Amino acid sequence: MKLFETVKNNVTAIDVVSMAGFKPNRSKMICCPFHNDKHPSMKVDQRYFCFGCGAKGDAIDFVANYYGLSLKEAAEKIASKFSLSYDNSRDSDCVQKEVVSKKNEYQMWAEKKRELIAQLSGIHERLRKMKSKYAPKDREDSNWSPLFVLAETEFTYVDYLYDYCMFEATEDELKGKYEEITKEMERIEKRIYDTESGIRGSDVGKIREGLAV
Ligand SMILES: [Zn+2]
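The structure displayed is predicted, hence computed values, not measured ones.

Q: How should I be thinking about the overall build of the protein chain in this particular structure?
A: In terms of helices and strands, the protein chain carries seven helices and four strands. By residue count, 14% of the 213 residues in the protein chain fall in the buried class. Within the protein chain, contacts between residues at least 6 apart in sequence are counted, and of these 54% link residues at least 24 apart.

Next comes the structure, spelled out in structure tokens:
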């Protein structure tokens, strides 16, 4: 067993306050060492809690605060005082760290994935609206808005990407395709932007023409 686990399983707050020279009364109360306590206001049991100042914790917290030690130093002090043996190998430290970094990696990926899906869903919605807003009013009308053409072609593609990310791809496949899909969305967003600017540009041209006439 590791140091902290060993100490927590074997030593209570009562044990350590007694070690520090306090004598809990029949109600397991002592004068709190963390504030100017005239009458016993700290309850000690498995853990300690002070009704006066709110100080609380377990055996390790008490020793750390009382002697001004780090939690690790406090746990070591207790282990030595109570002659507890514990697993001191560095191996398990490394395993612990690896687990922590794996967890962070997972959280970071979950975040990226959420953003990707949100972005896809945003473009999906935008293209869907463009498709209906710029649809040619007349079937015979051959003069289609470039925005409609764009929405028509990209919507199906984005629809496919969205389904792929949401339902089809495994986590690993999605990780592998992440950069590619992000680039595709940037490309589509740029295309929308360029097309809209182009239309604004030509509108300005038309207005100028109109004024000239
Ligand atoms: Zn107190």
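Structure's up, so let's keep going.
Q: Whenever I open this one, unusual backbone geometry confuses me. Can you help?
A: Leave glycine aside and you will find that most residues have negative phi; peptide bonds, for their part, are mostly trans. The phi dihedral of K28 is positive, around 60°, even though this residue is not glycine. Position of K28 among the secondary structure elements: in the loop between α2 (13-19) and β1 (29-30). Its identity as a non-glycine residue notwithstanding, S83 has a phi of 50°, on the positive side. With respect to the helices and strands, S83 occurs in the loop between α4 (71-81) and α5 (91-133).

Q: Just to check I follow, could you spell out helix α6 (residues 146-168) for this structure?
A: Residues that lie three or four places apart on an α-helix share one face, since the helix turns once every 3.6 residues. Here α6 is 23 residues long and its end C-alpha atoms lie 32 Å apart, about the 33 Å a rise of 1.5 Å per residue gives. Its maximal kink placed at E154, α6 deviates by approximately 30°. Residues of α6 that are buried include every one of L150, A151, E154, V158 and L161, and no others.

Criteria and thresholds
- Residues numbered from 1 in each chain as written.
- Predicted model: local features only at pLDDT ≥ 70, side-chain atom pairs only at ≥ 80, totals over all residues.
- Helix = DSSP H or I, 4+ residues; strand = E, 2+ residues; numbered from the N terminus.
- Buried ≥ 20, exposed ≤ 12 C-beta atoms within 10 Å, placed from the backbone.
- Contact = placed C-beta atoms within 7 Å.
- Expected span 1.5 Å × (residues − 1).
- Bend = angle between axes of the 7 residues up to and from the residue.

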